[in-house]
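Breakdown of the fold
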Amino acid sequence: MVRIAVVTEQAPGERRVAATPETVKKFAALGASVAVEQGAGAAASFADADYAAAGATIGDRTATLAGAGIVLGVQGPDPASLSGVAPGAWIVAGLNPFGERARVDGYAAAGLEALAMEFMPRITRAQSMDILSSQSNLAGYKAVLDAAAEYGRAFPMMMTAAGTVSAARVFVMGVGVAGLQAIATARRLGAQVSATDVRSATKEQIQSLGAKPIFVENVAGIEGEGSGGYAGEMSPEYQAAQAELVSAHIAKQDIVITTALIPGRPAPRLVSDAQLASMRPGSVLVDLAVEQGGNVEGAVAGEVVERHGVKIVGHRNVAGRLPADASALFARNLYNFLSTFWDKEQGRPVLDAEIGDAIRLTSNGQVVNARLLS
């Protein structure tokens, strides 16, 4: 019987937890024993008593980790804090392999097998295991609410005896999971929404949500589709055409939400200081890529700043600002992953090559993932 440990998150401001009473009960049904660090779910509104009722053992960090074969986390725990785990134990979490390479090396040195959930391949059978999609969905929703909180006007058009209030104009840049949810949320709030992306295939998705697509036309051979469904890097010709198009459009917008990321690289710059200056005072930009360098010039991670009378919202860990729902989805991703590969005879999951090789960062004291070795 494998022992699964659920630890309290150590990253500043992290309120999510990697397992919920719901998933603890499901792990127990598989035959695993589950230990939860005392208070691990408190910030996400999950009480120790609820974990205990689901079948978990509650204790301090030392007791929780003792003999654990699998350690679950939202963000990767410090290797130095994992004493007591079984040799070769799995660390299953969002490990930020490119940004936290020293931590990955620490897992290797400690003889741990680190599995980076954000490296999960975007294939049909892994959709229910995809933490990036589940968390981005909530981040796109929350970005619109954050924008509404900073915006000094109403979102929907209102016809009153005192006159008409015009609908807010919202422009979403980057139409992945977060962008699509941002479009849908802004539409539900009554805004006039437009959106753009470098991938031409997203035009129909934008239209299906009732938004107006804003796309570069007549730039041959630029589709913008990178590996795994992510956006790729654009040619200089495309970048120039996009900058011209965006500059004309952004000056008319009240709210801009940027979501563009390229795995393993700094976030692409989408909005320049000159474009900011063209917007009317009181406008709001929300930069969901701020922790990877930012899409918006002047965005500051963890702060709301003002430039040219325009507010730039740079909250960190946006999905984590909805800790209960974010934890529930994240925990289900982890359960779906481990249960899919559960071997009843061995009493633990056994990975196949397709997914195992994609997400395994370390094994037998070495860093083994091809994306980190290339």
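Provided above is the structure to which this section pertains.
An account of the accompanying structure is given in this report. (Residues numbered from 1 in each chain as written. Predicted model: local features only at pLDDT ≥ 70, side-chain atom pairs only at ≥ 80, totals over all residues. Heavy atoms only, no water.)

In spatial order, the strands read β11-β10-β9-β12-β13-β15-β14; together these seven strands make up an open sheet with mixed pairing. Whereas interior strands pair on both sides, the edge strands pair on one side only; in this sheet they are β11 (212-213) and β14 (304-307). Where strand β9 (residues 169-173) lies against strand β12 (residues 255-258), four bridges are found, and the strand directions are parallel. Bridged to V172 within β12 is I257. Contacts from helix α5 (residues 131-150) reach β12, β13 (284-287), β14 and β15 (310-313) within the one sheet, and its direction differs from that of β13 by about 150 degrees. (Pairing = 2+ DSSP bridges. Helix = DSSP H or I, 4+ residues; strand = E, 2+ residues; numbered from the N terminus. Contact = heavy atoms within 4.5 Å. Axes fitted to C-alpha atoms, helices over the stretch in contact; angles between N-to-C directions.)

The next point concerns helix α8 (residues 236-250). Helical geometry note: an α-helix holds 3.6 residues per turn, so side chains three or four residues apart project in the same direction. Its 15 residues give α8 an end-to-end C-alpha distance of 20 Å, which sits within 8% of 21 Å, the value for a rise of 1.5 Å per residue. Looking only at α8, the buried set comprises Y238, Q242, V246, H249 and I250. The buried residues of α8 occupy an angular sector of 80 degrees when projected down its axis, which confines them to one face. Residues of α8 that are exposed and point over 90 degrees away from its buried face: P236, E237 and E244. Buried-residue contacts for α8 involve β9, β10 (192-196), β12 and α9 (273-278). (Expected span 1.5 Å × (residues − 1). Buried < 20%, exposed > 50% of the residue type's maximum accessible area, 1.4 Å probe, protein only. Arc of directions from axis to C-beta.)

Residues V71, L72, V92 and F337 are the most contacted members of the largest nonpolar core, which totals 59 residues. Those residues within four positions of V71 in sequence are excluded, and the remaining contacts are A5, V7, L65, L82, V85, W90, I91 and V92. One finds A143, A195, I206 and V284 within the second-largest nonpolar core, a separate group that totals 27 residues. (Core = buried A, V, L, I, M, F, W, Y, C linked by side-chain atoms within 4.5 Å.)

Moving on, we come to the sheet that holds strand β5 (residues 90-94). Taking strand neighbours across the sheet as the criterion, the six strands line up as β3-β2-β1-β4-β5-β6 in an open arrangement whose pairing is parallel. Every interior strand has two partners, whereas the edge strands, β3 (57-59) and β6 (113-116), have only one. Strand-to-strand twist of the sheet, defined as the mean angle between neighbouring strand axes without regard to direction, takes the value 25 degrees. With four bridges connecting them, strand β1 (residues 3-6) and strand β2 (residues 33-37) associate as parallel partners.

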